[in-house]
Amino acid sequence: MKAQNEQRAGLLYGFGAYGMWGLVPLFWPLLKPSGAIEILAHRMVWSLAVVGVALIALRRWSWMAELLRQPRKLALTALAATVISVNWGLYIWSVNNGHVVEASLGYFINPLVTIALGVLVLGERLRRVQWAAVGISFAAVLVLAIGYGRPPWISLALASSFATYGLIKKKLGMGGLESLTAETAMLFLPALGYLLWLAAEGRSTFASLGLGHSALLASTGLVTAIPLVCFGAAAIRVPLSTLGLLQYLAPVFQFGLGVLYFHEAMPPERWAGFSLVWAALVLLSWDALRSSRRSRARLAEVAQAAQAAGNAATPAAATPAAETAAPPAAAPPADAPAAGASPTRGPA
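This one's a predicted model, so the numbers in the text were calculated from it and none came from an experiment.

Caption draft 1: Highlighting the overall build of the protein chain. Counting its regular elements, the protein chain contains 15 helices and zero strands. Residues classed as buried in the protein chain amount to 39% of the 348 residues present. Expressed as a percentage of contacts within the protein chain between residues at least 6 apart in sequence, the contacts between residues at least 24 apart total 86%.

Written out as structure tokens, the structure reads:
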């Protein structure tokens, strides 16, 4: 029952995280007439304030000294901060300049770009279905390029930057709260310097458009941190395969907002391109679920074999002296996990 409650809570956290990321296109236009770079700078500054308060409340700062003693990890963190700032800035600009649908495409194709990076950078080998999904997505990009009259560079840049960010985070191996703190700490001084320069030039919108606008700019820290906290809570409660399917909620919501709320154009060739992307994602998700089921079945077989071997090694009957020395141990419940098995969970 406890495991079921934990998984149910994990699903709610997952829906919350990806739902908030999917609805965030409604938030960025509220910050106009602030430009994308000014909004980005405020997001960096206020995000550090929010995660700083969280770290103080949780008393989790021992990792900082360890990070400072590792130049390679510091360099990777700086690279991650640079890449995610490009991703954030481009996404804000896209939403506030009428490219919500094209931005959503970037997060649809992100898993496919991540697979491509795995092959090119990590030397991973793909299964046939994965190759088929990559081929279909390449055809989709060609169709969309013809439809737009240019390559969908916003989508490609968003997908590539976020996939690169994921690759760097994989090498870093830091928790979500810790990595966000380190990245925003590195971005804090440049961002604050830019905001001070805007104020000195009389071009800042922070204090010139009223208290409400200032509060909205300050809330960018919460908009950044709250979904991340929910994602972290989901990741430790639900299987990775479930989390992988939940990630499509965000671009689905973004696409729906772009078409239905912002009324962006969707001519037939764009529908054709998006349909190819969705077909590739269906293939990819089906293959991931099939692979996950096979892995669980193999683990169950290994556990059963280990349990059978353990039972065979147990003496059929204890000697009277042994029975007198200690009573027999109670048998574990039939539904208890095998020794050494860990509960199904997402990434740490």
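Next, the rest of the story.
Caption draft 2: Inspection of the side chain of Thr205 at higher detail. Within the secondary structure, Thr205 sits in the loop between α9 (176-200) and α10 (211-218). Discounting residues that sit within four places of it in the chain, Thr205 has contacts with Ser34, Glu38, His213 and Leu217.

Caption draft 3: Structural view of the confidence of the model for the protein chain. When pLDDT is averaged across the protein chain, the result is 82; 88% of the residues are at 70 or more. Taken element by element, the predicted model of the protein chain shows its lowest mean pLDDT in helix α15 (residues 320-325) (44) and its highest in α10 (94). pLDDT under 50 marks residues 317-348. Its contacts with residues more than four places away, or in other chains, come to 16 contacts.

Caption draft 4: Representation of unusual backbone geometry. In the segment running from Lys32 into Pro33, the intervening peptide bond is cis, with an omega of 10 degrees. Phi at His263 is positive, roughly 55 degrees, even though this residue is not glycine. Residue position: His263 is located in the loop between α13 (249-261) and α14 (268-313). Residue His263 is classed as exposed on the basis of its relative accessible area, which comes to 64%.

Caption draft 5: Region of interest: the packing of helix α6 (residues 110-122) against helix α8 (residues 153-172). One can describe the packing of α6 onto α8 by two numbers: an axis separation of 9 Å at closest approach and a directional angle of 55 degrees. By the angle between their axes, α6 is oblique relative to α8. When you trace α6 past α8, the crossing you get is right-handed. Taking contact as the criterion, the partners of Asn110, Val113, Thr114, Leu117, Val121 and Leu122 in α6 are, on α8, Ala159, Ser160, Phe162, Ala163, Thr164, Leu167, Lys170 and Lys171.

Caption draft 6: Here's a closer look at the nonpolar core. If you look at the biggest cluster of nonpolar residues, it comprises 25 residues, and the most contacted ones within it are Trp63, Ile168 and Met174. Breaking this core down by element, the ones donating at least two residues are α2 (36-58), α3 (63-68), α4 (71-96), α8 and α9. Contact partners of Met174, with chain neighbours within four places excluded, come to Trp63, Leu67, Lys73, Thr77, Ser179 and Ala182. In terms of nonpolar packing, the next biggest core, distinct from the first, is built from 24 residues, Leu112, Ala133, Tyr248 and Phe274 among them.

Caption draft 7: Structural detail: the packing of helix α5 (residues 100-108) against α8. Orientation of α5 relative to α8, taken along the N-to-C sense of each, is 35 degrees, at an axis distance of 7 Å. Seen along the crossing, α5 lies across α8 with a hand that is right-handed. Along its contact with α5, which presents Glu102, Ala103, Leu105, Gly106 and Tyr107, the element α8 presents Trp153, Ile154, Ser155, Leu158, Ala159 and Phe162.

Caption draft 8: A look at the pattern of salt bridges. Going through the model one piece at a time under the given rule, you end up with four salt bridges. Notably, a salt bridge pairs Arg127 with Asp287, separated by 2.7 Å at the nearest N-O pair. Taken as a pair, Arg127 in the loop between α6 and α7 (128-148) and Asp287 in helix α14 lie far apart in primary sequence, 160 residues in all. According to the relative accessible area criterion, Asp287 is buried, its value standing at 1%. Each of Arg127, Asp287 and Arg290 takes part in salt bridges that share partners, so that together they form one network.

Caption draft 9: Representation of the environment of Leu189 in the model. Checked against the element boundaries, Leu189 lands in helix α9. Classification of Leu189 by relative accessible area gives exposed; the value is 61%. For the pair formed by Leu189 and Met44, sequence separation is 145 residues and the distance between their alpha carbons is 9.4 Å.

Caption draft 10: Representation of the packing of aromatic side chains. What the rule picks out here adds up to 18 aromatic pairs. Ring geometry for Trp21 and Phe231: centres 6.1 Å apart, planes at 50 degrees, overall tilted. Here Phe231 lies in helix α11 (residues 220-235) and Trp21 lies in helix α1 (residues 2-23), a separation of 210 residues in the sequence. The exposure class assigned to Trp21 is partly exposed, which follows from its relative accessible area of 27%. Judged by its relative accessible area of 25%, Phe231 is partly exposed. One Lys or Arg, Arg43, reaches over the ring of Trp88 and ends 4.1 Å from the middle of that ring.

Caption draft 11: Layout of α2. The terminal C-alpha atoms of α2 lie 32 Å apart, and with 23 residues this matches the ideal 33 Å at 1.5 Å per residue to within 8%. Looking one or two places after α2, you find Arg59, whose phi comes out positive at around 55 degrees.

Rules behind the numbers
Residues numbered from 1 in each chain as written. Predicted model: local features only at pLDDT ≥ 70, side-chain atom pairs only at ≥ 80, totals over all residues. Heavy atoms only, no water. Helix = DSSP H or I, 4+ residues; strand = E, 2+ residues; numbered from the N terminus. Buried < 20%, exposed > 50% of the residue type's maximum accessible area, 1.4 Å probe, protein only. Contact = heavy atoms within 4.5 Å. pLDDT = per-residue confidence, 0-100. Axes fitted to C-alpha atoms, helices over the stretch in contact; angles between N-to-C directions. Parallel < 35°, antiparallel > 145°, perpendicular 65-115°, else oblique. Left-handed = near helix turned anticlockwise from the far one by under 90°. Core = buried A, V, L, I, M, F, W, Y, C linked by side-chain atoms within 4.5 Å. Salt bridge = Lys/Arg side-chain N within 4 Å of Asp/Glu carboxyl O. Phe/Tyr/Trp six-rings, centres within 6.5 Å; stacked < 30°, edge-to-face > 60°. Lys NZ or Arg CZ within 6 Å of the ring centre and 35° of its normal. Expected span 1.5 Å × (residues − 1).

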